Amino acid sequence: MTEAEFEPTIVAFCCNWCAYAGADLAGTSRFEYPPNVRIIRVMCSGRIDPTFVLSALRWGADGVLIAGCHPGDCHYVKGNYMMERRLNFMKNLLGYLGIEPARLRLEWVSAGEGGKFAALIRDMTMEIRNLGPSPFKKMQSA
Amino acid sequence: MGEEPNIGVFVCHCGVNIGGVVNVPEVVEYAKTLPRVAHAEHNLYTCSEAGLAALKEAVKKFNLNRVVVASCTPRTHEPLFRSACKEVGLNPYLFEMANIREQCSWVHAREPKRATEKAKDIVRMAAARSAWLEPQTEPELEVKDSALVIGAGVAGMTSALTLANQGFKVHLIEKEEEPGGMVRGLHKLYPTLQDASEVVNPMIEAVKSHKNIELLTSTNVTDVGGYVGNFDVALSGKYGEKKLNVGTIIVACGALNYTPPKGLYQYGIYDRVITQMELDHMLREGKLGKPERIVMIQCVGARKGEIRAYELESFPKSDTAALLRKILKAQKEEGWPYCSRICCMNAIKNAILVRSQYPETDVVILFGDLRVYKEYEDFYAKSRELEVRFVRHIEEVPPEISEGPENKLKVVAYDMLAGREVEFPCDWVVLSTPLRPRRGEVLLERMLKIPLSPDGFLMEAHLKLRPVDTTVDGIFLAGTASGPKDVPESIMSGKAAAARASILMANKRMKAEAITAVVNTDLCIGCGLCEEICPYGAHKVEEGKSKTVEALCRGCGACAAECPRRAIAMRHYGEQQILAQVQALLFPKGFEMEGA
């Protein structure tokens with residue numbers, strides 16, 4: 001596979017109330033974005049256990065997106081803050097494991113931000129495409 | 001897991017919405033090859049009567065115990081398909097949806113090949129998740145048929161009377177000595193110009209004499225525990241300490257009129273700089289004298305800057321609050337970003353009152369934007385007929401107020417239309433200030449676990465769809481507690497909150513959340529982290545083990561992610577149910593291939 005042909009696989013954990021609804025709105029509004037993302041619905045971004053992210057990367061995902069409600073908007077009061085608290089720890093851990101921390105992103109997308117969701121996926125797909133396949137994927141195919 | 005999963009996949013064309021982009025028959029054929037899939041078919045519209053009939057028939061014919069519908073978003077159609085499953089005897093939680101419209105065909109319209117591949121992935125992920133689904137039940141809770149209404153202003157009294165007239169017992173508490181709230185202190189109300197007392201006094205009489213209302217004045221809430229249908233409330237006041245057990249709570253604690261800090265537009269320095277509220281009182285008491293001119297300034301403290309009042313008020317001693325205060329100090333004018341909604345009408349009302357009472361008095365209103373909505377436009381027109389002068393000034397150049405000759409004040413503002421400074425000698429300067437949340441709301445927020453909006457008001461569950469609900473079941477908002485409202489709007493929200501509360505109480509029972517946390521007591525070490533982080537108080541450590549109070553749990557799953565012993569599982573969003581989707585995505589030929 002040449003670099004030019006590389007199409008990354010991105011796993012996106014979206015909270016039901018904001019980000020998932022934002023992704024729906026991107027659809028309703030017909031905002032196009034590259035078909036590289038697969039969305040997994042969770043009730044709250046606070047549900048995302050670090051092992052979910054690590055598992056996804058270990059099994060060959062090229063990038064992981066966690067998307068939740070904006071600070072102050074969490075349907076469960078503060079789940080998004082709890083997720084944000086875990087993020088630095090997780091990024092450090094990824095660096096330690098030899099995975100570019102940029103492969104993991106936490107973003108706030110409200111139910112009204114369909115345009116933002118589409119732009120985010122375009123941006124992240126581009127970024128991961130530039131990073132190339134995840135080191136784990138390379139190991140698997142080796 | 002009980003019986004082996006027997007999955008049925010139903011792929012919807014949604015007319016051309018999906019079928020026009022995604023090759024639906026190809027997805028169906030693909031679905032048939034997936035593990036544990038016993039049946040797959042496509043429908044023109046799975047949500048139509050014919051589609052649902054086909055689904056139900058297939059469940060019976062193929063003995064399906066898992067149903068996957070690949071169509072639109074679960075946020076709109078999941079309830080429909082769940083009830084179809086229920087009708088054929090399948091637990092609704094054994095249903096899973098694959099969103100191939102909003103998140104596939106609609107966003108990849110120009111890439112049909114890749115959209116079809118993505119749809120296959122989405123279906124495969126949903127099928128994998130469905131295999132791990134378990135039946136869930138929504139526990140039923142009993143709802144006590146009594147309500148607590150916090151605050152006896154027009155909104156609170158309206159809620160209390162509405163509920164009491166339906167036969168529910170209402171405890172109406174008020175921290176002041178008398179009920180009536182802010183309106184009791186007002187002179188006239190817009191747009192009818194009737195006395196505020198005409199509106200509020202009959203309500204006060206009614207709540208005092210209603211047999212179903214227990215009115216407790218000079219009383220505060222000191223603690224709230226329990227959950228929807230069964231709240232334990234502690235009160236403290238002139239009647240001493242009191243404990244109540246109620247089914248629902250309506251929060252109608254009102255708002256405050258913002259008093260500017262000393263020095264803002266010379267307020268507190270010249271006694272002839274007053275607020276609209278003070279002008280209102282002077283008009284009622286006839287103490288205004290016979291002024292030659294009154295200048296009103298709109299949006300004092302409103303629609304200003306991005307001041308995060310929440311942080312300032314919730315954590316007054318924090319570094320952030322100190323920083324915010326510094327910013328406030330650096331700005332010439334203190335304020336909040338929101339529009340307080342009532343000030344334009346209030347200023348016009350007072351201007352009309354002054355012009356009709358003292359025809360010799362000139363009234364000038366300095367405004368940046370004037371917001372008179374619905375039928376209030378007529379009221380504005382009336383003020384123009386009465387020759388109230390509206391001067392649009394540039395708000396970024398705040399008017400300057402100084403002492404002028406002959407014991408008068410002098411206001412210098414920048415007239416936007418004239419494009420120059422204008423000067424108004426006057427007797428009174430009246431500041432239109434916004435409604436601000438009560439500081440006590442921060443305490444209430446903590447007690448009731450209702451989030452605050454960025455402006456510091458109690459926040460509704462959904463701005464459009466659930467305007468009087470809160471994120472806490474059984475607690476509703478009425479009146480200005482959730483943001484500035486005038487009297488008709490407060491009454492409307494009071495009635496709306498009562499209607500929402502009465503639905504719960506009239507049904508006597510309600511279904512609670514099925515998606516809750518489950519603690520594995522064998523793994524739990526009783527560290528208490530879950531108890532600490534749960535925003536709903538749904539975890540309690542007792543005898544060294546955490547216990548979930550299911551009625552309080554809302555199913556966010558933060559505890560499951562935080563638990564260091566991985567002792568907490570989430571119903572319907574369990575680790576295996578989530579990871580099955582990741583596995584299905586990344587190992588399309590089956591998870592077994594890992595390490596092979």
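Not measured: the values here are computed from a predicted model.

Quick look at the environment of K86 of chain B now. Topologically, K86 of chain B is positioned in helix α3 (residues 74-87). Residues K86 of chain B and K56 of chain B lie 30 residues apart in sequence; the distance between their C-alpha atoms is 9.6 Å.

A separate point is the interface of chain B and chain A. The interface of chain B with chain A comprises 49 residues on the first partner and 50 residues on the second. Together chain B and chain A conceal approximately 4400 Å² of surface at their shared face, both sides included; 58% is due to carbon and sulfur atoms. On the chain B side of the interface with chain A, the three residues burying the most area are R75, Q103 and Y573 of chain B, jointly 14% of the side's total. Between the two partners, chain B and chain A, sit 7 salt bridges.

For the rest of this paragraph, the subject is the pairing of strand β4 (residues 104-108) of chain A. Residue and element names in this part refer to chain A. With 4 of its 5 residues buried, β4 lies for the most part within the structure. As paired elements, strand β3 (residues 63-68) and β4 share 5 bridges and run parallel to each other. Across the sheet, I66 pairs through a bridge with L106, a residue of β4. The handedness of the β3 to β4 crossover, carried by helix α3 (residues 79-97), is right-handed.

Before going further, it helps to spend a moment on the side chain of R129 of chain B. All names here are of chain B. Mapped onto the elements, R129 comes out in helix α5 (residues 112-131). Among the residues examined, R129 registers a relative accessible area of 2% and is labelled buried. Ignoring anything within four residues of it in the chain, the contact list for R129 reads E96, H572, Y573, Q577, A580 and Q581.

So, on to the packing of aromatic side chains. A complete count under the given rule lists 10 aromatic pairs over all chains for this structure. Note on W17 of chain A and Y76 of chain A: the rings are 6.5 Å apart at their centroids and 70° apart in plane angle, and the pair reads as edge-to-face. Here W17 of chain A is found in the loop between β1 (10-15) and α1 (19-28), whereas its partner Y76 of chain A is found in the loop between β3 and α3, with 59 residues between them in sequence. The class for Y76 of chain A is buried, based on a relative accessible area of 3%. For the ring pair W59 of chain A and F587 of chain B, a centre distance of 6.2 Å and an interplane angle of 70° mean the geometry is edge-to-face. One end of the pair, W59 of chain A, is in the loop between α2 (50-58) and β3; the other, F587 of chain B, is in the segment after α18 (575-586), on a second chain. Accessibility expressed as a relative area gives 4% for W59 of chain A, which makes it buried.

Another aspect to go through is the state of the cysteines. All names here are of chain A. Taken as a whole and assessed by the stated rule, the structure comprises 1 disulfide over all chains. Between the sulfur of C18 and that of C69 lies a disulfide, 2.4 Å long from S to S. The S-S bond linking C18 to C69 shows a torsion near 100°; that makes this disulfide right-handed. With a gap of 51 residues between them, C18 in the loop between β1 and α1 and C69 in the loop between β3 and α3 connect regions that are remote in the sequence.

All names here are of chain B. Its 12 residues place the ends of helix α6 (residues 154-165) 16 Å apart at the C-alpha level, agreeing with the 16 Å of an ideal helix rising 1.5 Å per residue. Counting buried positions along α6 yields 10 of 12 residues, so the element is predominantly enclosed. Buried residues of α6: V154, A155, G156, M157, T158, S159, A160, L161, L163 and A164, and no others. One or two positions beyond α6, positive phi appears at G167, with a value near 95°.

This paragraph deals with unusual backbone geometry. Residues and elements named next belong to chain B. Along the chain, Y190 connects to P191 via a cis peptide bond; the corresponding omega equals -5°. Locating P191 in the fold gives a position in the loop between β8 (188-189) and β9 (194-195). The residue R341 is not glycine, and still its phi comes out positive at about 70°. Residue placement: R341 occurs in the loop between α11 (319-330) and α12 (343-357). You can call R341 partly exposed: its relative accessible area is 36%. Of note, R566 is a non-glycine position whose phi angle comes to about 50°, a positive value. Looking at the secondary structure, you find R566 in the loop between α17 (558-562) and β30 (568-570).

Let us look at the pairing of strand β13 (residues 240-246) of chain B. Residues and elements named next belong to chain B. In this structure, strand β12 (residues 230-237) lies alongside β13, joined through 7 bridges in antiparallel fashion. If you follow V233 over to β13, its bridge partner there is L244. The turn joining β12 and β13, which pair antiparallel and follow one another in sequence, is formed by 2 residues.

Moving on: the confidence of the model for chain B. All names here are of chain B. Residues with a pLDDT of 70 or more make up 93% of chain B, whose mean pLDDT is 91. Confidence over residues 306-311 falls short of pLDDT 50; this stretch has 22 contacts with residues more than four positions distant or in other chains. In the model output, the complex is listed with pTM 0.73 alongside ipTM 0.96.

What follows is about the packing of α5 of chain B against α18 of chain B. Geometrically, a packed helix pair is captured by the angle between its two axes and the distance between the axes. Residue and element names in this part refer to chain B. Between α5 and α18, whose axes approach to 8 Å, the crossing angle comes to 145°. In this structure, α5 meets α18 at a crossing whose hand is right-handed. Packed against α5, whose contacting residues are D121, R124, M125, A128 and R129, the element α18 presents Q577, A580, Q581, A584 and L585 at the interface. A class-by-class count of the residues in the contact of α5 with α18 yields 5 nonpolar, 2 polar and 3 charged.

Our focus in this paragraph is the sheet that holds strand β2 (residues 37-43) of chain B. All names here are of chain B. The 4 strands are arranged β2-β1-β3-β4 in an open sheet whose pairing can be described as parallel. Among the strands making up the open sheet, the edge pair consists of β2 and β4 (95-99). Put simply, the sheet's adjacent strands are angled 15° from each other on average, direction ignored. Relative to strand β3 (residues 66-71), strand β1 (residues 7-12) runs parallel, the two sharing 5 bridges. Looking at the pairing, V9 lines up with V68 of β3. Relative to the sheet, α5 contacts β1, β2, β3 and β4, its axis offset from that of β4 by approximately 165°.

Thresholds applied
Residues numbered from 1 in each chain as written. Chains lettered and ligands numbered in written order. Predicted model: local features only at pLDDT ≥ 70, side-chain atom pairs only at ≥ 80, totals over all residues. Heavy atoms only, no water. Helix = DSSP H or I, 4+ residues; strand = E, 2+ residues; numbered from the N terminus. Contact = heavy atoms within 4.5 Å. Buried area = accessible area lost by both parts, 1.4 Å probe. Salt bridge = Lys/Arg side-chain N within 4 Å of Asp/Glu carboxyl O. Buried < 20%, exposed > 50% of the residue type's maximum accessible area, 1.4 Å probe, protein only. Pairing = 2+ DSSP bridges. Right-handed = clockwise from strand over helix to strand, strands pointing away. Phe/Tyr/Trp six-rings, centres within 6.5 Å; stacked < 30°, edge-to-face > 60°. Disulfide = S-S within 2.5 Å. Expected span 1.5 Å × (residues − 1). pLDDT = per-residue confidence, 0-100. Axes fitted to C-alpha atoms, helices over the stretch in contact; angles between N-to-C directions. Left-handed = near helix turned anticlockwise from the far one by under 90°. Nonpolar A, V, L, I, M, F, W, Y, C, P; charged D, E, K, R; others polar.

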